[in-house]
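# Chains, contacts and geometry: an overview
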Amino acid sequence: MNNLALILARADGGAAAVEFALIAPLLLLMILGVTELGKIVYYRSVLESAARAGIQKAFTSTLTSSSGRTTAQTNMETAADLAITNSGIGGTVTSTAVVTCECSDFSVITCVTGTCVTGSVRYIATVTMTRTYTPLFNMTNLPFGYNIDLNITLTGNSIMWVK
């Protein structure tokens, strides 16, 4: 009987399988976390790139008149939306383009009636892209009433002095 107990105590035939069974869930969670993080970084990069594409449209616009600024804002949003469409990330992306004015001494004025006491008027174009990121795995309606909302609002901005 003692010999059998010694043999069983020294046997380690299934140790690797047990160790793997203990480590595998943790390893799987780490892989999924890195995948989610990579996807978030990629989507944010696409939003930033689309915002820059929208800003580039401001350089080809006439900003000195109210109608020119309105047209520029529409063109900037259209260019940003087209960049998002071409990226293929899908989902609902909101683009907002704004043209503001300031004097060369950094005092903010209205674009319609503002005049600068010193210096000249500068036009600043801003494009903001927002999208709600939904993770690959839904963590709502968990047992015991737990709900984990992992939706994140991602934002991409681009701001540039135009003229």
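Residues numbered from 1 in each chain as written. Predicted model: local features only at pLDDT ≥ 70, side-chain atom pairs only at ≥ 80, totals over all residues. Heavy atoms only, no water.

## Some details on helix α3 (residues 66–87)
A rise of 1.5 Å per residue sets the reference length of α3, with its 22 residues, at 32 Å; its end C-alpha atoms lie 32 Å apart and thus fit the reference within 8%. Residues of α3 that are buried sit in contact with α2 (15–58), β1 (93–103) and β3 (121–133). Note on α3: the residue one or two positions beyond its end, G88, has a positive phi of about 80°. (Helix = DSSP H or I, 4+ residues; strand = E, 2+ residues; numbered from the N terminus. Expected span 1.5 Å × (residues − 1). Contact = heavy atoms within 4.5 Å.)

## Looking at the packing of α2 against α3
Where α2 contacts α3, the two axes come as close as 7 Å, and the packing angle between them is 145°. For α2 against α3, the interelement crossing comes out right-handed. On α3, the residues touching Y42, V46, L47, A50, A53, G54, K57 and A58 of α2 are N75, M76, A79, A80, A83, I84 and S87. (Axes fitted to C-alpha atoms, helices over the stretch in contact; angles between N-to-C directions. Left-handed = near helix turned anticlockwise from the far one by under 90°.)

## With respect to the state of the cysteines
Tallied over the entire structure, the rule returns two disulfides. C101 shares a disulfide with C111; S-S distance 1.9 Å. Its S-S torsion of about 115° marks the bond between C101 and C111 as right-handed, since a negative value means left-handed. Here C111 lies in the loop between β2 (108–109) and β3 and C101 lies in strand β1, a separation of ten residues in the sequence. We classify C101 as buried; its relative accessible area is 3%. Shown here is the disulfide that connects C103 with C116, its sulfur atoms set 2.1 Å apart. A torsion of -100° about the S-S bond marks the disulfide between C103 and C116 as left-handed. Placement of the pair is C103 in strand β1 and C116 in the loop between β2 and β3, with a sequence separation of 13 residues. For C103, a relative accessible area of 2% corresponds to the buried category. Of the residues examined, C116 reaches a relative accessible area of 18% and is grouped as buried. (Disulfide = S-S within 2.5 Å. Buried < 20%, exposed > 50% of the residue type's maximum accessible area, 1.4 Å probe, protein only.)

## Regarding the pairing of β3
Within a regular strand, side chains alternate between the sheet's two faces. Here eleven bridges tie β1 to β3, and the two strands are oriented antiparallel to one another. Of the residues in β3, the one forming a bridge with T100 is I124. (Pairing = 2+ DSSP bridges.)

## Observations regarding α2
When the terminal C-alpha atoms of α2 are compared, their 65 Å separation across 44 residues agrees well with the 64 Å that a helix rising 1.5 Å per residue should span. Of all the bends found along α2, the most pronounced is centred on I23 and spans about 35°, while P25, a proline, follows it within four residues. (Bend = angle between axes of the 7 residues up to and from the residue.)

## What to know about the nonpolar core
A general feature of soluble globular proteins is that nonpolar side chains tend to end up buried together. M76, I84, V127 and M129 are the most contacted members of the largest nonpolar core, which has 29 residues in total. At the level of elements, α2, α3, β1 and β3 are the ones that each hand at least two residues to this core. Per-element tally for this core: the top contributor is α2, with eight residues. The contact partners of M129, leaving out residues within four places of it in the chain, are L47, A50, A51, A80, D81, I84, V93, T94, S95, L154, T155 and G156. (Core = buried A, V, L, I, M, F, W, Y, C linked by side-chain atoms within 4.5 Å.)

## With respect to the sheet that holds β3
With antiparallel pairing, the four strands of this open sheet are ordered in space as β2-β1-β3-β4. The open sheet has two free edges, formed respectively by β2 and β4 (152–161), since each of these has just one partner strand. Helix-sheet contacts for α2 involve β1, β3 and β4, and the interaxial angle to β4 is about 30°. Across the face of the sheet, α3 comes into contact with β1 and β3 while running at roughly 145° to β1.

## Some remarks on the pattern of salt bridges
For the structure on display, the rule yields two salt bridges. The shortest N-O distance in the salt bridge between R44 and E48 comes to 3.2 Å. Remark: E48 and R44 occur in helix α2; sequence separation between them is four residues, near one turn of the helix. Given the relative accessible area of 40%, R44 is considered partly exposed. (Salt bridge = Lys/Arg side-chain N within 4 Å of Asp/Glu carboxyl O.)

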